[in-house]
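# A look at the structure
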Amino acid sequence: MKLWGGRFTKPTNQLVDEYTASISFDQKLWRQDIVGSSAHVAMLGKCGILSMDEVRQIIAGLKKVKEKIERKQVQFEIAHEDIHMNIEKLLIEEIGPLGGKLHTGRSRNDQVALDMHLYLREKLMEIIELTMYLQQALLEQAQNHLETVMPGYTHLQRAQPVLFGYHLMAYVSMLQRDLERMQDSFKRVNILPLGAGALAGTTFPIDRQFVASMLQFDGIYQNSMDAVSDRDFIVEFLSHASLLMTHLSRLCEELVIWSSQEFSFIELDDAFCTGSSIMPQKKNPDVAELVRGKTGRVYGNLIGMLTVLKGLPLAYNKDMQEDKEGMFDTVETLHGALALLTPMISTMQVKTEQMRKAVTQDFSNATDLADYLVTKQIPFRKAHEIVGNAVLYCIERHKYLLDLSLEEFREFSPLIDRDVYQALDIDTVVNARNVLGGTAKQQVEQQIQFYQEKGKENRAWVATHSQKVMVEALVDIKSPVV
Ligand code: ARG
């Protein structure tokens, strides 16, 4: 007999059971479901809706169910559709018909919303911490490379030389934005939907504030129709996850390019590479490629969720059950990517000689020759043209700018002096960009300092929020009234 079977005259078609059940994937929410139910029933006791004795028995029953699930002594059933009804069934098996009082003043609509909020706030915290570790690994590598010069690119053509530490700090900055976005979205995840009922509130004199403080929520949905219809918090997470994956994917693309024989700027540690079944010489950057590849599924999960929601009338619709798999998948994909990239970055070998060699065999100091002419009062546009001619002259003769004699330089402008050699020297070129945000060593040191401060702020944020997500501890909640 189904928990909702009273109105039906025959059993559901087996295919319908299979098609509509979510237990195969929403069993991930079992802990959240039990925590939520424990808080709910404690509140029913506090408000005099259930007797204290009933509350004690139900909470003890939920605890037994929890222990059985932990010991893998229960089998979830498709016939009971989802995690919520499976647990309610298990409770009734445990303590008898009294278990049927658990669902007083509650609907699966606010219950499932609660479980999703509890789950996501915990995962959000884990992902924030993993992102902080990766950010730290990048920052430490940047500190090691404050003198490592490499070509900076635009259009993947050599543009101007930069410090490798500077290049890495760009990723540190991106991850900081990701962190701030996720911290901000925590505010909207940590809002309590329970107490909304099916859509209109409940006739019982419940105390939502009591449940909110028991479960460490920072606020309560003010409109119950919104509470059960809202999946914005999931869309936000999927959107922030997509942008984070974009950043990881761009980093991975660079790791792949840099570790190619053509570039040979870095070597990834053997522990993070794989070989080929046919070509014995191969060492492939599979992890980086897979992170890049898995970015697609994270985008897909975002678009899937947005599409599910766009045509839905208020309030709950069964379509919303589709909010789960994409979210779980995104959480797992982020976990895998962040956990692997951190040690990959820390153990990466940087071939500083190769990088430097690359910048001495190109024209990435051409802008500096133009800037040099500007200091001799030549308008920049004219200087640009002069240097363009000089570059063409060099290309035709298989030379670089620093190979030109002073006489050759003076063919292009008589204002050029012997100090041009110093001005075009690679280290001069890098350190000349000594303005806020520039690639000069002094500036990169300041950037590192800036993000070390941000790192402290991130850690402080985690410290003040992490006790809110400890669902494990809340499972054994000792309510003030029980
Ligand atoms: N398994 C459902 C879901 O994940 C739970 C809510 C069901 N509510 C309902 N009215 N059928 O969305």
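- Per an unreviewed UniProt entry, the protein chain goes by the name Argininosuccinate lyase and belongs to Brevibacillus laterosporus.
- If you open the UniProt record of the protein chain and go to Subcellular location (unreviewed entry), you find "Cytoplasm".

### Some remarks on the packing of aromatic side chains
- Inspection of every chain in the model, using the stated rule, returns ten aromatic pairs.
- Consider the rings of Trp4 and Phe8, whose centres lie 5.1 Å apart with planes at 55°: the pair is tilted.
- We classify Trp4 as partly exposed; its relative accessible area is 31%.
- On the basis of an interplanar angle of 75° and a centroid distance of 5.0 Å, the ring pair of Phe450 and Tyr451 is categorised as edge-to-face.
- By relative accessible area, which is 15% here, Tyr451 ends up buried.
- Here the aromatic cluster, defined as three or more aromatic residues joined through ring pairs, consists of Tyr153, Phe263 and Phe265.
- Taking NZ or CZ as reference, Lys28 lies 5.4 Å from the ring centre of Phe328, over its face.
- Over the face of the ring belonging to Phe217 we find Arg121, whose NZ or CZ atom lies 4.7 Å from the ring centre.

### Considering the site of the ligand
- The local shell around the ligand consists of Ser22, Asp26, Asp82, His84, Arg108, Asn109, Val112, Tyr316, Gln321 and Lys324.
- Here a nitrogen atom of the ligand and a side-chain polar atom of Ser22 are 3.2 Å apart.
- At a separation of 2.5 Å, an oxygen atom of the ligand approaches a polar side-chain atom of Lys324.
- The protein chains hide 86% of the 350 Å² of surface that the ligand would expose on its own.
- Element by element, the count of residues in the shell around the ligand is highest for helix H6 (residues 108-144), at three residues.

### Here's the deal with the pairing of strand E2 (residues 157-163)
- Where strand E1 (residues 149-154) lies against E2, six bridges are found, and the strand directions are antiparallel. Directly across from Tyr153, in E2, lies its bridge partner Arg158.
- Where E1 folds back onto E2 in an antiparallel hairpin, the turn is made up of two residues, including His155, whose phi is positive at roughly 60°.

### Regarding the nonpolar core
- In terms of nonpolar packing, the biggest core is built from 125 residues, with Leu138, Phe237, Leu248 and Leu255 touching the most fellow members.
- Ranked by the residues each element gives to this core, the list is headed by H6, at 16 residues.
- Setting aside its immediate chain neighbours within four residues, Leu248 contacts Leu134, Leu175, Val291, Ala337, Leu338 and Leu341.
- One finds Tyr372, Ile386, Ala390 and Leu406 within the second-largest nonpolar core, a separate group that totals 19 residues.

### Overview of the environment of Trp4
- As for its placement among the helices and strands, Trp4 is situated in the segment before helix H1 (14-20).
- When neighbours within four sequence positions are excluded, Trp4 is seen to be in contact with Thr12, Glu81, Met85 and Arg108.

### As for the side chain of Thr330
- Relative to the elements of secondary structure, Thr330 occurs in helix H12 (residues 323-347).
- Relative accessible area serves as the criterion here: at 0%, Thr330 is assigned to the buried category.
- Here Gly326 takes part through its backbone oxygen, which lies 2.7 Å from a polar atom of the side chain of Thr330.
- When sequence neighbours within four positions are dropped, the list of residues in contact with Thr330 reads Phe237, Leu238, Ala241, Val298 and Asn301.

### Here's the deal with the pattern of salt bridges
- One pass over the full model with this rule turns up 34 salt bridges.
- Ionic pairing is found between Lys101 and Glu54, a salt bridge with its closest N-O pair at 2.6 Å. Of the two residues, Lys101 is situated in the loop between helix H5 (83-95) and H6 and Glu54 in helix H4 (residues 52-70); the sequence distance between them amounts to 47 residues.
- Given the relative accessible area of 35%, Lys101 is considered partly exposed.

### Comments concerning helix H11 (residues 286-310)
- Taking 1.5 Å as the rise per residue, H11 with 25 residues should run 36 Å; its terminal C-alpha atoms sit 37 Å apart, in good agreement.
- Those residues of H11 that fall on the buried side of the exposure criterion are Val287, Ala288, Val291, Thr295, Val298, Asn301, Leu302, Met305 and Leu309.
- Close packing links the buried residues of H11 with helix H10 (232-258) and H12.

Parameters and conventions
- Residues numbered from 1 in each chain as written.
- Predicted model: local features only at pLDDT ≥ 70, side-chain atom pairs only at ≥ 80, totals over all residues.
- Heavy atoms only, no water.
- UniProt positions renumbered as here; feature names shortened; annotations may be inferred.
- Phe/Tyr/Trp six-rings, centres within 6.5 Å; stacked < 30°, edge-to-face > 60°.
- Buried < 20%, exposed > 50% of the residue type's maximum accessible area, 1.4 Å probe, protein only.
- Lys NZ or Arg CZ within 6 Å of the ring centre and 35° of its normal.
- Near = heavy atom within 4 Å.
- Polar contact = N/O pair within 3.5 Å; in protein donor to acceptor, adjacent residues only side chain to side chain.
- Areas by Shrake-Rupley, 256 points an atom, 1.4 Å probe, with all protein chains shown as cover.
- Helix = DSSP H or I, 4+ residues; strand = E, 2+ residues; numbered from the N terminus.
- Pairing = 2+ DSSP bridges.
- Core = buried A, V, L, I, M, F, W, Y, C linked by side-chain atoms within 4.5 Å.
- Contact = heavy atoms within 4.5 Å.
- Salt bridge = Lys/Arg side-chain N within 4 Å of Asp/Glu carboxyl O.
- Expected span 1.5 Å × (residues − 1).

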